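Residue-level structural notes
So you can see what is in the structure, the chains are spelled out below.
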Amino acid sequence: MSLYLKNATFIDWETLEFRKTHLRVDAGKGNAPVFLKAWPAPEQFLAADQMLDCSGKLVTKSFGCGHHHIYSTLARGMPAPAQTPTNFSEVLQYVWWRLDKALDLEMIEASALAAALFCVKNGVSFVIDHHASPHAVEETLSVINRAFEKVGLSSLLCYEISDRDGEEIREKGLAETERFLQSGGQGHVGLHASFTVGRELLKQAVNLARKYHTGIHVHTAEDPVDQEHCLKNYDQRVVERFAEAGVLDLPKSILSHCIHLSEAEKQLVRDSRVWVAQNTESNQNNNVGLADYGVLGQRVMLGTDGMHSDMLRSAQAAFFAGRAVEHTDWGGLYRRFRNIHRYIRENGFSGDGENNLVILDYDSPTEINADNFLGHFIYGWNARHIESVIANGELIVENRKPSRVDENEILTFAREMGNKLWRKLKA
Ligand SMILES: [Zn+2]
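Let me sum up the structure you'll find in this document. (Residues numbered from 1 in each chain as written. Predicted model: local features only at pLDDT ≥ 70, side-chain atom pairs only at ≥ 80, totals over all residues. Heavy atoms only, no water.)

**A word on the pattern of salt bridges**
Summed over all chains, the structure comprises 24 salt bridges. As a salt-bridge pair, Glu407 and Lys401 come within 3.3 Å of each other at their nearest N and O atoms. Connected via shared salt-bridge partners are Asp100, Lys101, Arg164 and Asp165. (Salt bridge = Lys/Arg side-chain N within 4 Å of Asp/Glu carboxyl O.)

Shown next as structure tokens:
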């Protein structure tokens, strides 16, 4: 089965070349679209083929999210904590750890389905997720994976293992990670952060990552408290600790945030092959500071940290906040927005082939072309323009509606699970 796009304006995501063309997109992982010189004659189409008229539309590679937390999907509008957090540690204790402990498998499924729905409607076809649910660990990665696949989203998953809830839950995190990776699941060994991960666990996690040829996905120096804890307990800084443990030797590793790094730590990141995920709006929300990511080298990608599933919004937030701290420029920011594809490609993960495309109905008041594309990307494009999304050659969003799933059914289920979660939080 093939999907034919007629009269598209195709934008190459790497070269930014514009071309007016017809396209044939074949289903399957990793198939590149075929540019057609002429529109095929009627007899050349198979009965199952689909056709979309893309006259006046822009077609380019769909987007990816480098750091997400589907577990926070049902947090929107939830009851306020009994005590108002005044610092980052209290935000974790009073808000996120209270929430993630209340999650059960049914709520996780609803969270994953709703997050996947928002992702694809925003043009995002690949997500790197970092999940926590200490009282529902077993099977959790498979539940998320199935929910994502149902909607048509590709992913890299992990469970954020830590010592914060004791030995039994830590062991469950390790076991769930190994079970998922052993079963062929695509993912990382997830760790929460240095300040919740003891010596033994860090060692076990790196060994597990080596065993399954993957990397560590961990929050890194998001707040000064991570560094203070590390200096006090290990007499070294967070990135130094991770480097010594071997995390930085694994090119699939992702260090999320990296806000409070010393010059020596920045050098360690630059000299390694690990990737960094930047999550500007979350950092603003938690008031943990903003960083100059330009000094960390070329391997920086963007995430949402679970705040939302809209990568155009994340890119614009990173651009505007970055103006003050690192003099961000359009091209540099666009590169960062697209770096997730390079991360996936370089590390041999699947699900982000060139037949992952987004079709935009961009109602611009001015002309858009290869020369001024970046100005439109920063100031003009937003999720409202996403009309259709193609993942692995299959149309998963058509005219703003998900094709594989019933949107209302997912939202009804999510609201039901949200109410269940909130009742638990109030009890
Ligand atoms: Zn995070």
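**Some words on the environment of Gly348**
Relative to the assigned elements, Gly348 resides in the loop between helix H11 (330-346) and strand S15 (357-360). Taking the C-alpha atoms as reference points, Gly348 and Lys252, 96 residues apart in sequence, are found 9.5 Å from one another. (Helix = DSSP H or I, 4+ residues; strand = E, 2+ residues; numbered from the N terminus.)

**Focus on the coordination of the zinc ion**
Geometry reference: four tetrahedral donors at a metal, ideal angle 109.5 degrees. Six octahedral donors, ideal angles 90 or 180 degrees. Taken together, the protein donors to the zinc ion comprise His67 (NE2), His69 (NE2), His219 (NE2) and Asp305 (OD), at separations of 2.0 to 2.1 Å. Each of the four donor atoms around the zinc ion contributes to a set of angles spanning 92 to 159°, which defines the coordination as irregular. The sequence pattern describing where the donors of the zinc ion fall on their chain is H-x1-H-x149-H-x85-D. Linking His219 in strand S11 (residues 216-220) with Asp305 in the loop between strand S14 (300-302) and helix H10 (311-326), this pair joins segments that are 86 residues apart in sequence. Like His219, the residue Asp305 is buried in the burial classification. (Donors = N, O, S within 2.8 Å, 3.2 Å for Na, K, Ca; no water. Tetrahedral: all angles 85-135°; square planar, octahedral: opposite > 155°, others 65-115°. Buried < 20%, exposed > 50% of the residue type's maximum accessible area, 1.4 Å probe, protein only.)

**Section: the sheet that holds strand S12 (residues 254-257)**
Two strands in a sheet stick together by hydrogen bonds in their backbones, pointing the same way (parallel) or opposite ways (antiparallel). Across the sheet, which stays open at both edges, the six strands sit in the order S9-S10-S11-S12-S13-S14 with parallel pairing between neighbours. Two strands lie at the open edges of the sheet, namely strand S9 (160-161) and S14, each paired on one side alone. By the bridge criterion, four bridges tie S11 to S12 in an arrangement that is parallel. Its bridge partner being in S12, Val218 is matched across the sheet by Leu255. Taken strand by strand, helix H7 (residues 238-245) contacts S11 and S12, and its axis lies near 165° from that of S11. Its contacts with the sheet put H10 on strand S13 (275-278) and S14, and the angle it makes with S14 is roughly 130°. (Pairing = 2+ DSSP bridges. Contact = heavy atoms within 4.5 Å. Axes fitted to C-alpha atoms, helices over the stretch in contact; angles between N-to-C directions.)

**Notes on unusual backbone geometry**
Despite not being glycine, Asn7 has its phi angle at roughly 55°, a positive value. Here Asn7 is to be found in strand S1 (residues 2-11). Overall, the relative accessible area of 37% leaves Asn7 in the partly exposed class. Of note, His213 is a non-glycine position whose phi angle comes to about 55°, a positive value. Note that His213 resides in the loop between helix H5 (199-211) and S11.

**Examining the pairing of strand S7 (residues 124-129)**
Burial runs high along S7: six of the six residues are buried. Here strand S6 (residues 63-68) runs beside S7; their pairing, made up of four bridges, is parallel. Counted as the bridge partner of Gly64 is Phe126 from S7. The pairing of S7 with strand S8 (residues 154-156) spans three bridges and is parallel. Residue pairing in the sheet places Phe126 in a bridge with Ser154 of S8. At this point the chain moves from S7, through helix H3 (residues 140-151), to the parallel S8, and the crossover so formed is right-handed. (Right-handed = clockwise from strand over helix to strand, strands pointing away.)

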